[in-house]
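# Structure assessment
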Amino acid sequence: VRFANGRLRRPESLRFTVYRNRDTAHPRKRNRRIVVSETERLSYVGHNFGSGVMKCNSLCRYFVGVLDKNSGEMEVYNAEIFNMQPLLSAWRKEDSFILQAVRNNGTRKHSKPRGGVKQGAGGWDLECHCSSVALSGYALLRKAWDLSVSLAQMDLCIEAFGTSKQKRALSSRRMNAVGTDIVSTAVTKAAANIIDAKGLTALVQDAAQDDVQTISAFLPPCHEDADRPEHVYKFEDILSPAEYEALRVPAAALASATAEEIAKKVEERSHCSFVLEELKFLPTDEKSRDHKARCLWFLDTLIKFSRLKVIKKKHPMGPECPHIISKKLMKNFTSVTYNNGSVQNLVSASMKAKISAYVIVLALHINNFQTDLTVLQNDMKLQESRILDIAKALRLKISKAKGAPGLDNDEGHKLGTLSLPLPVQKAPTGQRKRRKM
């Protein structure tokens, strides 16, 4: 064990009690353990489940070796580390019966851990005692639990009939307790002082600015002082020169595609709708054609990448994807999580929103800074409200238009246009009101 609030001066004077869950058939509950400890001033509790559990137990294994001095052999046992938290007045509901248990002190002494399982309270069995003093008075504990004795009543019992050690622990807990009314009064007074000093309007503006900065963390860098639309979101911020050069080989197939090959791609739907539509209008100039083909290949890769959830392969987009592009996707558009002791990369909801923002900006560069948001919405399988929120965060002007012929739902398409001066950025004001049918 380790103690959250410091180190022990006399660890040999401590006793520990371990509880295990009664439900041994349940695959999760059967491994749950609760460790209880008590010093002269405070009681402590630690567990290997619920909130506040230590992550180190799931990342690696721990062992304890017991050396037999006579034979010179060591027996190795599996071990877990428990983080012991002090139980103060604001202890959690799940720890309530533990506090009652540790207050019942016994007088029997044991030099070694005592095994055996005894019936406990609240669905838990007493698994073992460890160290110098063992618990006693289980009948009193069970009776107190069954009658749901409140903390206040328990404190009165300790004041009247408790041992000197229990009374010291009670006194210490009361000294550490802070009244809720005192905290509430102090917080209210501090808030009133801040509002008087700064003003309510300024505080609301600061909060709105914080929301704007949070949104901007998932958007490409925006240059608000730009004098031309192409300089607001620079192409180099989407694709670096090295990444752009790496796209030459995979995009060559798109650049050299004939009308028959493009018609076959449309029939097979081998690319997203946006890319298939733009392939019909590739420039005849070789340099411009190659540039647009590279942009379309990367946009198609971004959209396909956004449909993934957990990245299990080293090259999730296949061997034809350049290494520098795969590295960019994994680094910039995935979040790292820990699951069952292993590290995983996943495309979370926030990362999908970030990919959507980069797709919109890239589509703006392809289409002379005006793009059909409805087509991108269908390709990325987003709700209309979601892609409109991202477009507004990118400072685009939204308008209605008719979609290109042959597209699904060609009526009521939304166009996003990047033009100067940029609209004033506003933070989301909350959830939209539902329409009445």
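Residues numbered from 1 in each chain as written. Predicted model: local features only at pLDDT ≥ 70, side-chain atom pairs only at ≥ 80, totals over all residues. Heavy atoms only, no water.

## Topic: the pairing of strand E17 (residues 413-417)
Burial analysis of E17 places five of its five residues in the buried class, which makes it a mostly covered element. Where burial is concerned, the two faces of E17 agree: the one with His413, Leu415 and Thr417 and the one with Lys414 and Gly416 are both buried. Pairing of strand E15 (residues 370-372) with E17, which is carried by three bridges, proceeds in the antiparallel orientation. Bridge assignment links Asp372 to a residue of E17, and that residue is Leu415. (Buried < 20%, exposed > 50% of the residue type's maximum accessible area, 1.4 Å probe, protein only. Helix = DSSP H or I, 4+ residues; strand = E, 2+ residues; numbered from the N terminus. Pairing = 2+ DSSP bridges.)

## Observations regarding the packing of helix H14 (residues 286-306) against helix H15 (residues 323-332)
The geometry of H14 relative to H15 is characterised by a closest axis approach of 12 Å and an angle of 40 degrees between their N-to-C directions. Classified by the angle their axes make, H14 and H15 are oblique. H15 is crossed by H14, and the crossing has right-handed handedness. When H14 is examined against H15, the residues Phe298, Thr301, Leu302 and Phe305 are found in contact with a partner set consisting of Ile325, Lys328, Leu329 and Met330. In the contact of H14 with H15, the residues fall into six nonpolar, one polar and one charged. (Axes fitted to C-alpha atoms, helices over the stretch in contact; angles between N-to-C directions. Parallel < 35°, antiparallel > 145°, perpendicular 65-115°, else oblique. Left-handed = near helix turned anticlockwise from the far one by under 90°. Contact = heavy atoms within 4.5 Å. Nonpolar A, V, L, I, M, F, W, Y, C, P; charged D, E, K, R; others polar.)

## Some remarks on the packing of aromatic side chains
In this structure the tally under the stated criterion is two aromatic pairs. Measuring from centroid to centroid gives 5.8 Å for Phe235 and Tyr244, while their planes differ by 85 degrees, and the two rings are edge-to-face. With centroids separated by 5.3 Å and ring planes inclined at 80 degrees, the aromatic side chains of Phe333 and Tyr358 adopt a geometry described as edge-to-face. Residue Phe333 is found in the loop between H15 and strand E13 (335-339), and its partner Tyr358 is found in helix H16 (residues 349-366); the two are separated by 25 residues along the sequence. Classification of Phe333 as buried rests on a relative accessible area of 1%. Exposure remark for Tyr358: the relative accessible area of 11% places this residue in the buried category. One residue, Arg294, lies across the ring of Tyr244, its end atom 4.6 Å from the ring centre. (Phe/Tyr/Trp six-rings, centres within 6.5 Å; stacked < 30°, edge-to-face > 60°. Lys NZ or Arg CZ within 6 Å of the ring centre and 35° of its normal.)

## Digging into the confidence of the model for the protein
Mean pLDDT over the protein stands at 77; residues scoring 70 or higher make up 72%. Under a pLDDT of 50 for its full length, residues 101-122 has, in the predicted model, 63 contacts with residues more than four places off or in other chains. Of the regions scoring below 50 in pLDDT, residues 131-149 engages in 48 contacts with residues more than four places distant in sequence or in other chains. (pLDDT = per-residue confidence, 0-100.)

## Here we look at the side chain of Lys414
By the secondary structure assignment, Lys414 is in strand E17. Under the relative-accessibility criterion, Lys414 is labelled buried at 13%.

## Details of helix H18 (residues 384-393)
Those residues of H18 that sit buried are Ile387, Leu388, Ile390, Ala391 and Ala393. Phi turns positive, to about 70 degrees, at Arg395, one or two residues after H18.

## Topic: the packing of H16 against H18
In the contact formed by H16 and H18, the axes pass within 10 Å of each other and the chain directions differ by 60 degrees. By the angle between their directions, the pair H16 and H18 is classed as oblique. Read as a crossing pair, H16 and H18 show a hand that is right-handed. Residues Ala349, Ala353, Ser356, Ala357 and Ile360 of H16 touch H18, and the partners they reach there are Arg386, Ile387 and Ile390. In terms of residue class, the contact of H16 with H18 is built from six nonpolar, one polar and one charged.

## As for the sheet that holds strand E14 (residues 342-346)
In spatial order, the strands read E12-E14-E13; together these three strands make up an open sheet with antiparallel pairing. Of all strands in the sheet, those bounded by a partner on one side alone are strand E12 (310-311) and E13. Bridge count for E12 against E14 is two bridges, and the pairing is antiparallel. Bridge assignment links Ile311 to a residue of E14, and that residue is Asn345.

## What about unusual backbone geometry?
A cis geometry characterises the amide bond from Leu420 onward to Pro421, with omega recorded as -5 degrees. Assignment of secondary structure puts Pro421 in the segment after E17. Positive phi is not limited to glycine here, since Arg395 has a value of about 70 degrees. Judged by relative accessible area, which is 9%, Arg395 ranks as buried.

## Regarding the pattern of salt bridges
If you walk through the whole model with that rule in mind, you get nine salt bridges. Of the charged contacts, one joins Lys292 and Glu278 as a salt bridge, the two residues approaching to 2.9 Å between their closest N and O atoms. Of this pair, Lys292 sits in helix H14 while Glu278 is found in helix H13 (residues 273-279), placing the two residues 14 residues apart along the sequence. Of the residues examined, Glu278 reaches a relative accessible area of 10% and is grouped as buried. (Salt bridge = Lys/Arg side-chain N within 4 Å of Asp/Glu carboxyl O.)

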